[in-house]
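Structural overview for review
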Amino acid sequence: MADCCSNPKEIKKESVVEECPSCRRKAKSVKLITLKSMLKPSSLETLKAKENHFFCASEDCDVVYFDMLKKAYLISDLKVAVHQKDNSPTTPICYCFDWTKEKISEYVENGNANKPVEHIRQNIKENRCGCEVNNPQGSCCLGNVTAFIKGIS
Ligand SMILES: [Zn+2]
């Protein structure tokens, strides 16, 4: 777990990219443990654990994960809402520490735009983040949080 947020640059270098079978956009590789955490039991039962898996971050695409055999797992196969594909204010961007769109917006409106990132960074520093098992994308949320704050402020 220690590598999930501590060294994002290194993880980026290692990540493999594959084309989503549905939207044809590039998707990043994701660890098996992320699918095991995120999939509903009925979908987990069909997981091909020997395959490499990828995460599609496209907003308008129903596919969340797929493997090299083009087997796809859809939004409805996951136990949680996927931030990239869900506009609900109660969907988290930071899944580990529950920073929802609504909560972040509130802080920004009250002039505390730095607070969410500061809070997340502090917890990362203490090695409390578990993006691999909490966040559907399986990697650190900080980039998403920063982009969201930029978008609304
Ligand atoms: Zn897609």
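Quick notes on the rules
Residues numbered from 1 in each chain as written. Predicted model: local features only at pLDDT ≥ 70, side-chain atom pairs only at ≥ 80, totals over all residues. Domains from an automatic or database assignment. Contact = placed C-beta atoms within 7 Å. Helix = DSSP H or I, 4+ residues; strand = E, 2+ residues; numbered from the N terminus. Nonpolar A, V, L, I, M, F, W, Y, C, P; charged D, E, K, R; others polar. Pairing = 2+ DSSP bridges. Buried ≥ 20, exposed ≤ 12 C-beta atoms within 10 Å, placed from the backbone. Axes fitted to C-alpha atoms, helices over the stretch in contact; angles between N-to-C directions. Core = buried A, V, L, I, M, F, W, Y, C linked by C-beta atoms within 7 Å. Parallel < 35°, antiparallel > 145°, perpendicular 65-115°, else oblique. Left-handed = near helix turned anticlockwise from the far one by under 90°.

1. Section: the domain arrangement of the protein
- Examined at the domain level, the protein breaks down into domain 1 (3-77) and domain 2 (83-152).
- Relative placement of domain 1 and domain 2: their C-alpha centres are 20 Å apart.
- Counting from both sides, the interface comprises 15 residues of domain 1 and, opposite them, twelve residues of domain 2.
- Of the residues forming the side of domain 1 that touches domain 2, the biggest block, four residues, is contributed by helix α3 (residues 32-38).
- Class assignment of the residues belonging to the side of domain 1 that touches domain 2 gives a composition of eleven nonpolar, two polar and two charged.

2. Quick look at the pairing of strand β2 (residues 26-30)
- Bridge count for strand β1 (residues 17-19) against β2 is three bridges, and the pairing is antiparallel. Paired with V17 across the bridge in β2 is K28.
- Between the antiparallel neighbours β1 and β2 lie six residues, among them R24 with a positive phi of about 70 degrees.
- In the sheet, β2 pairs with strand β3 (residues 53-55) via three bridges, with the strands oriented antiparallel. Its bridge partner being in β3, S29 is matched across the sheet by F54.

3. Concerning unusual backbone geometry
- Phi at K70 is positive, roughly 70 degrees, even though this residue is not glycine.
- Mapped onto the fold, K70 is located in the loop between β4 (63-67) and β5 (72-74).
- With 12 C-beta atoms counted inside 10 Å, the residue K70 sits in the exposed group.
- Backbone geometry places N127, a non-glycine residue, at a positive phi of 60 degrees.
- Note that N127 resides in the loop between α6 (115-125) and α7 (131-134).

4. Details of the sheet that holds β4
- Strand order in the open sheet formed by five strands is β1-β2-β3-β4-β5, and the pairing between neighbours is antiparallel. With partners counted over all chains shown, the strands left at the sheet margins are β1 and β5, one partner each. Taken over all neighbouring pairs, the strand axes of this sheet differ in orientation by 35 degrees on average, direction set aside.

5. Here we look at the nonpolar core
- Formed by 15 residues in total, the largest nonpolar core has its most connected members in F54, F55, C56, Y65 and F66.
- Sorting the residues of this core by element identifies β2, α3, β3 and β4 as the ones contributing at least two each.
- Looking at this core element by element, the count peaks at four residues for β4.
- With 13 residues, the next largest nonpolar core counts C96, W99, I120 and C131 among its residues.

6. Re the packing of helix α5 (residues 101-109) against helix α8 (residues 142-152)
- Running from N to C, α5 and α8 cross one another at 55 degrees; their axes reach a closest spacing of 10 Å. In this view, α5 runs oblique relative to α8, as classed from their interaxial angle. You can see that α5 and α8 cross each other, and the crossing is right-handed. Mapping the contact onto sequence places K101, I104, S105 and V108 in α5 and V145, F148, I149 and I152 in α8.
- Residues of the contact of α5 with α8, tallied by class, amount to six nonpolar, one polar and one charged.

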